[in-house]
Amino acid sequence: MPEPAKKDEMPNGGKEGVASDSSEASMPTPEITLEVSPPPAVSPGFFSSPTDVIHSGRWFTCQAVAETLVNDPDPIDVPKHVEPLPVVAKEPEPVENGSKEPETVVFGAKEQVESPVMEVKEETPSLPCSTIPPEGANTVKKLSIDLPNDSITVSAMGRKDSVWSLGEGMGSEDLDKPLDTPPLSSLITEKPQSGTIHVGEDITFVAKVEAKDLLRKPTIKWFKGKWMDLASKTGKHLQLKEIFDRHTKIHTFEMHIIKAKDNYAGNYRCEVTYKDKFDSCSFDLEVKELEQSQNVDIRSAFKRSSEGQEDAGELDFSGLLKHREHKQEETPEVDVWEILKGARPDEYERIAFEYGITDLRGLLKRLKKTKKEEKKLEAFSKKLESAYQADKGGKIRFVVDLADPTLDVKWYKNGQEIRSTPKYVKYIFEHKGTQRIMIINNCTLNDDAAYSVSAGEDKSTTELFVKELPVKIVKEIEAVKTTVNERIELECEVSEEGAQVKWCKNGVEVPTGPRSRYRVKSEGMKHWLIIDDASKEDTATFSLMASGGTSEAKIQVDLKPLKIIQDLQDTTVLLGQPLKLHCEIFPGNVAGRWYRNGQLIQSSDHINILQRAKNHRLEIASTTIHDAGDYTFVLEGYTESICAKVHIIDPPKVLLDSLNFPDNMVTIVAGNKLRVEIPISGEPAPRVVWMKGERVILESGNRVRAETYADQTSLTIEITEREDTGNYKIVLQNEAGEATACLKVKVVDIPDPPDAPLVPEIGGDWCSMTWEPPIYDGSSTILGYFIERKKKQSSRWMRLNFDLNKETTFEPRKMIEGVPYEVRVFAVNAIGVSKPSEPSKAFVPLAVTSEPTMLVVDDVTDTTVTMKWRPPDTIGAAGLDGYLVEYCVEGSNDWKVSNTELTEKTKYTITGLPAEAKILVRVRAINAAGASPPRTLQHSILVKEVIEPPKIRIPRHLKQTFIRKVGEAVNLVIPFMGKPRPKVSWLKDSEAVDPTQVSIRNTDCDSIIFIRKAERKHSGQYNMKVEVEKHMDTAVVDIQIVDLPGPPQCVKIEEVWGENVALDWTPPKDNGNAAITGYTIQKADKKTMEWYTCLEHYHRTCLTITELVVGNEYYFRIYSENMVGLSECATQTKDSALIVKEGMNMKNPEYIDHDFTESPKFTQPLVHTFAVAGYNATLNCSVRANPRPKVIWMKNKIAIIDDPRYRMFSNQGVCTLEIRKPSPYDGGLYSCKAINDLGEALVECKLEVKVPPKE
């Protein structure tokens, strides 16, 4: 959808206040009903001129009144209780140029936007704008109004760019007629509403877009005024927010204005764009200043807030802002300002002291500012009206009265000064006393603009609306009746020169392009539609549509009478000769159609159809048999037709070449049926005779016969035999001549089978075979052979090749080892496959194994090399007998066998090698089929023992203390590495290990410590040392053998009071070689001596036992506990504790409460994060504060509230924000703010959402 026209801008780049008619007419407009009502009580003079003008099918709403009230230095006092602007309607009144002012409507500032129906009450015509009609004088009038696409609100109608169109050419008298226009589909489902706030308040505007039919997020822009894009103005006072509800599929766009200022007031616009769709809406914001009391006591305002204190001198303006009733002594009201203005400067101090003004400096500053303010004088005693209207082609007068006639006056149009020239009389300027007049002659749509006049520093503005009168039909179109190929000219006259009209055919606009049959011409007020060559299709109803009416007329186009001047003639033509058919018919220039035997003939390379005026021709350069027949010519639109017959004759011919037989020879397989069909031609049909030698072949023959048809003759042999080979002669005769031809027939057969094949070579799963070609090839070249094989015990043969083998040798593969096979051969020629040959002699395939794998060096000494390998991957049916190890000195190719007898093991030591020699080693696998390919070591081996430093590999569980209970077995394996075999030694606590207590066994790769039954004396550090020559490695193993602990020592009763007993004891002497983990305390009544557990796993060595029974006497005992368990016995108190009933007072100690409160502080900040589109992302931080802070998450400085795409968690000070399936739109600056009564803290991070590349 195109963007709506902006204010003061035309499509051609010029300045214009109204959108063009063409753009308005094409926009779909919904219907809305308005009810006009009189205004409430308003002081006289509040409205002095119309504010809404309807003209030329448009409805404009002006803000001239509001602008006058704002710009007027002495505004009219309007009652405060009147919040909405009143709604006024005024009937047309005559003006100087003779035209009538259309009905004027001013809408209130508040409206019901949600409802498509608004009520506007119309004022009675007899009442002026300034008078208030009686309540019973209200009348209701329904107006059908077309709204433009951007759905302009009523509050926005005060701007010149807010245009309500009534349709092109619709006058005010047609408002009651309903408009049949399709409804408009809008992107914005919920539009922002106009609002009014006070300075410093906040307001939010909301727009909603439904996204069910949208593939991606629409683009939204917020504007203030005409062009100010608010996206770059976001900050402290302006924030933009976007929310998408995945359930309802609705985009919510919000604009927050925070702490509004007075200059924030004005018109705002919201534009939504999606691909080629566009929607916009406008709304207003009114910012009111805070109401201040008019009766302000200047003496109280300029009193200092606190006399004699630190902040003395600060002014207290609370009296100017708040209305509080203070009890003051009754004093006569004195206007101190008037006294000060008239007093001398040396008297200011006395006056301030007399009236109790303590801030003399502030008073003097304000008085100085007051004296500088000079009253601005009015340059105009009478300004321009708020709006004017003129008819197109008429004239308009702008008149102002000057307060000072000596001032120079300048006139402006859309901000550009208007200058008069002698040759151009468009604008006329007149001076009559104090009046300054500008006259605009011959008004056009370009004169529809904003005008202003300036005198000195004062300026008066207005707007001119040019009304375009509807174009009416002056002379109707006349009906026309004519014949085809004639010229048609339709004429119509309208009421205005150069008017835009539209020609239609049956209601559809007539195309008038350069390739169209229709031409349009206009001259003055006359318009013509011209058809140079009329046709039958031009029979229709033609109409001319103007803005003020429509004229219609019917056109009837008939055919002309048919007259045959020259008829078609019957023709006889030789085959291949040209054919020409000609006829002459009136009327000329009428197309016709040619038919042959009832079939339509189209012009082609073979047939040429010509028409020149009355002459119609059909020409064939070279005739064929198919060109014969009955020809008919039919003229389009007529029922009569012209007919003629064409006869084609031709001598006989035998068309053997068309069969593409090489040397005219036909080859047939013996036993098959032969049927040869040979095309023949001739007109009339010739007589055909078939002969073989001197024998005539009859049509009545059994096995061999001849048949003849209209266009062919055939030879049929039911079962061919070798004797049928020979030459066949064909003879054709008719009245035009005679023709002969010769045909050769060759009978072929399948070849004989070859001889039995031979198998000279056999492999593991393959063999090679040869054979001789067959003696008889069946009179056809041998194309190849098929080979089959089978197991000797089986009767099922299997085809080995599906493509012919053209050689006499073949290698069958994929046979099973150890299984006997037989093979045979088939010969193949062009006829077919021969019978199979005799099978070959049986043979058994066997194969050697594959080479051994993973050949590596296991050990090297000064004279030996030990190799090891793994068996071959493939062994086969012949099995594996053993391995053969070979070696050679590096640089030579003399391989020596190391083992004279095969070894079955996969490890072998080569002995008797010279020291420090370099050798290469290879290994072969041997079986009944032979030796496998060798596996050779890739690098040479130096015959010299290699020293490998020792390395102890302590298991993970032995890197910490190894703990076992007394009596358990200890079995530790410590692996190590090193060459030659390392020497291992053990020490316990720097002493040699007693072999009678600890068993140690060493191998080439590990050392084992074994204790069959552990005792506590086995605890300690065991040091392991591994040595290889001068190299050494050590390790420490800490073994701890633990046992049950002993009982505690010296358990005694410290104090008994009330129902409580205080116990004290000392730890046990023997802790069982493990730390004491706790104590178990039990009590027993002296009477029963039954023990009950009071407390388990108690860590301290003193305890107070409470809730004892008064009057009982108790004994106590304590068990010690470690990781093994409780001690075997307990230590009991020697004395008993008697619980006596007595009163006692316990003095509770006083404690000072610690202040745990603190302001928020982030202990873990947010970090910059990258997220992948479509996968959930989380942001984490931690905060410490007391009392518990309020956590607020923000995106781009805008708080995240009730957004289903975000989830917020806070647990034990850890704050988490989860973003569900983010998109690149979710990237930005995220903030977390924590707030409590003591302060606040803020952390920020950047989130970047990356889209994974598509595969």
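For clarity, every value in this text was computed on a predicted model and none was experimentally measured. (Residues numbered from 1 in each chain as written. Predicted model: local features only at pLDDT ≥ 70, side-chain atom pairs only at ≥ 80, totals over all residues. Heavy atoms only, no water.)

Participant: Quick rundown of the overall build of the chain? Include the residues and the values.
Facilitator: Counting its secondary structure elements, the chain contains seven helices and 92 strands. Counting every position in the chain, which comprises 1255 residues, the buried fraction comes to 38%. Taking the intrachain contacts of the chain between residues at least 6 apart in sequence as the baseline, contacts between residues at least 24 apart amount to 64%. Split by element, the accessible area of the chain, about 73,000 Å² in all, is 49% carbon and sulfur. (Helix = DSSP H or I, 4+ residues; strand = E, 2+ residues; numbered from the N terminus. Buried < 20%, exposed > 50% of the residue type's maximum accessible area, 1.4 Å probe, protein only. Contact = heavy atoms within 4.5 Å. Areas by Shrake-Rupley, 256 points an atom, 1.4 Å probe, with all protein chains shown as cover.)

Participant: Run through the sheet that holds strand β25 (residues 458–467), naming residues and quoting values.
Facilitator: On the basis of which strands lie adjacent, the open sheet formed by five strands has the order β18-β25-β24-β20-β21 and mixed pairing. In this open sheet, the two edge strands, each paired with only one partner strand, are β18 (387–391) and β21 (416–417). Inspection of the sheet shows strand β20 (residues 409–413) paired to strand β24 (residues 450–455) by five bridges, in the antiparallel sense. Note that in β24 the partner of Val409 across the bridge is Ala455. (Pairing = 2+ DSSP bridges.)

Participant: Please provide a residue-by-residue account of a negative patch on the surface, values included.
Facilitator: A cluster of like negative charges, contributed by Asp862, Glu916, Glu945 and Glu1029, occupies part of the molecular surface. Along the polypeptide, Glu1029 turns up in the loop between β74 (1020–1028) and β75 (1031–1042). (Patch = residues over 30% accessible without salt bridge, like charges linked within 9 Å, V, L, I, M, F, W, Y side chains within 5 Å. Salt bridge = Lys/Arg side-chain N within 4 Å of Asp/Glu carboxyl O. Lys, Arg positive; Asp, Glu negative; His and termini not counted. Charge placed at Lys NZ, Arg CZ, Asp CG, Glu CD.)

Participant: Pulling in residues and values, what's your account of the environment of Lys236?
Facilitator: Within the secondary structure layout, Lys236 lies in the loop between β12 (228–229) and β13 (238–245). The sequence separation of Lys236 and Lys259 amounts to 23 residues, and the corresponding C-alpha distance is 8.9 Å.

Participant: A description of the confidence of the model for the chain should follow, citing residues and the corresponding values.
Facilitator: The share of residues in the chain with pLDDT of 70 or more is 80%, and the mean pLDDT across the chain is 79. Long-range and interchain partners of residues 1–185, a stretch whose pLDDT sits below 50, account for 370 contacts in this model, where long-range means more than four residues apart. (pLDDT = per-residue confidence, 0-100.)

Participant: How would you summarise the packing of aromatic side chains if you had to cite specific residues and measurements?
Facilitator: Under the defined criterion, the tally for this structure stands at 16 aromatic pairs. Between Trp771 and Tyr785, the aromatic rings sit 5.4 Å apart at their centres with planes inclined by 70°, giving edge-to-face as the arrangement. Here the residue Trp771 occupies a position in the loop between β53 (767–770) and β54 (782–791), and Tyr785 occupies one in strand β54, the gap between them amounting to 14 residues. Here Tyr1206 and Tyr1230 contribute two aromatic rings whose centre-to-centre distance is 6.4 Å and whose plane-to-plane angle is 55°, an arrangement assigned as tilted. Pair noted here: Tyr1206 is in strand β89 (residues 1206–1211) and Tyr1230 is in strand β91 (residues 1228–1236), with a separation of 24 residues, a long-range link. Accessibility assignment for this pair places Tyr1206 and Tyr1230 in one class, buried. An aromatic cluster of at least three residues, connected via ring pairs, comprises Phe205, Trp222, Tyr268 and Phe283. Positioned above the aromatic ring of Phe786 is the side chain of Arg799, whose terminal nitrogen or guanidinium carbon lies 4.1 Å from the ring centre. (Phe/Tyr/Trp six-rings, centres within 6.5 Å; stacked < 30°, edge-to-face > 60°. Lys NZ or Arg CZ within 6 Å of the ring centre and 35° of its normal.)

Participant: Go over the side chain of Ser714 with me, naming the residues and quoting the values.
Facilitator: Mapped onto the secondary structure, Ser714 falls in strand β49 (residues 712–717). On the basis of relative accessibility, which here comes to 0%, the residue Ser714 falls in the buried class. A polar contact is formed between the side chain of Ser714 and the side chain of Arg675, at a distance of 3.5 Å. Once residues within four sequence positions are removed from consideration, Ser714 is found in contact with Arg675, Val676, Glu677, Trp690, Arg705, Ala706, Glu707 and Tyr709. (Polar contact = N/O pair within 3.5 Å; in protein donor to acceptor, adjacent residues only side chain to side chain.)

Participant: Just give me the short version of the side chain of Ser834, but keep the residues and values in it.
Facilitator: Position of Ser834 among the secondary structure elements: in the loop between β57 (821–829) and β58 (853–860). Judged by relative accessible area, Ser834 falls into the buried class, the value being 4%. What Ser834 contacts, discounting residues up to four positions off in sequence, is Ile750, Pro751, Asp752, Pro753, Pro754, Phe826 and Ala827.

Participant: Pulling in residues and values, what's your account of the state of the cysteines?
Facilitator: Following the criterion strictly, the structure yields zero disulfides and no others. No disulfide involves Cys1215; its sulfur sits 4.7 Å from the nearest other cysteine sulfur, which is in Cys1181. (Disulfide = S-S within 2.5 Å.)

Participant: Go over the sheet that holds strand β10 (residues 203–210) with me, naming the residues and quoting the values.
Facilitator: What links the strands of a sheet is backbone hydrogen bonding, and the strands pair in either a parallel or an antiparallel sense. The strand order across the open sheet built from four strands is β8-β10-β14-β13, with neighbouring strands paired in antiparallel fashion. Taken across any chain shown, the strands that pair with only one partner, and hence form the sheet edges, are β8 (188–190) and β13. On average, adjacent strands in this sheet sit at an angle of 30° to one another, irrespective of strand direction. Note: β13 against strand β14 (residues 250–257), eight bridges, orientation antiparallel. From the neighbouring strand, Glu242 faces β14, where its bridge partner is Phe253. (Axes fitted to C-alpha atoms, helices over the stretch in contact; angles between N-to-C directions.)

Participant: Please set out the environment of Ile680 residue by residue, giving values where relevant.
Facilitator: Looking at the element boundaries, Ile680 is found in strand β45 (residues 674–683). Among the residues examined, Ile680 registers a relative accessible area of 6% and is labelled buried. Linking Ile680 and Lys653, residues 27 residues apart in sequence, is a C-alpha distance of 5.5 Å.

Participant: Provide a residue-level description of the pairing of strand β34 (residues 549–558), including the pertinent values.
Facilitator: A regular strand places its side chains so that they alternate between the two faces of the sheet. One ladder, built from four bridges, connects strand β27 (residues 480–483) with β34; its direction is parallel. When the bridges of β34 are listed, Val480 appears paired with Ile555. By the bridge criterion, seven bridges tie strand β33 (residues 540–546) to β34 in an arrangement that is antiparallel. From the neighbouring strand, Ser543 faces β34, where its bridge partner is Glu552. Between β33 and the antiparallel strand that follows it, β34, lie two residues.

Participant: Explain unusual backbone geometry residue by residue, including any values.
Facilitator: Geometrically, the link from Lys979 to Pro980 is a cis peptide bond, its omega value of -15° lying close to zero. Among the secondary structure elements, Pro980 is positioned in the loop between β69 (970–979) and β70 (983–988). Although it is not a glycine, Lys249 sits at a positive phi angle of roughly 60°. Within the fold, Lys249 resides in the loop between β13 and β14. Overall, Lys249 belongs to the partly exposed group, its relative accessible area being 38%. Within the chain, Gln1212 stands out as a residue other than glycine whose phi angle is a positive 55°. Note that Gln1212 resides in the loop between β89 and β90 (1214–1219). On the basis of relative accessible area, Gln1212 is assigned to the exposed category, the value being 77%.

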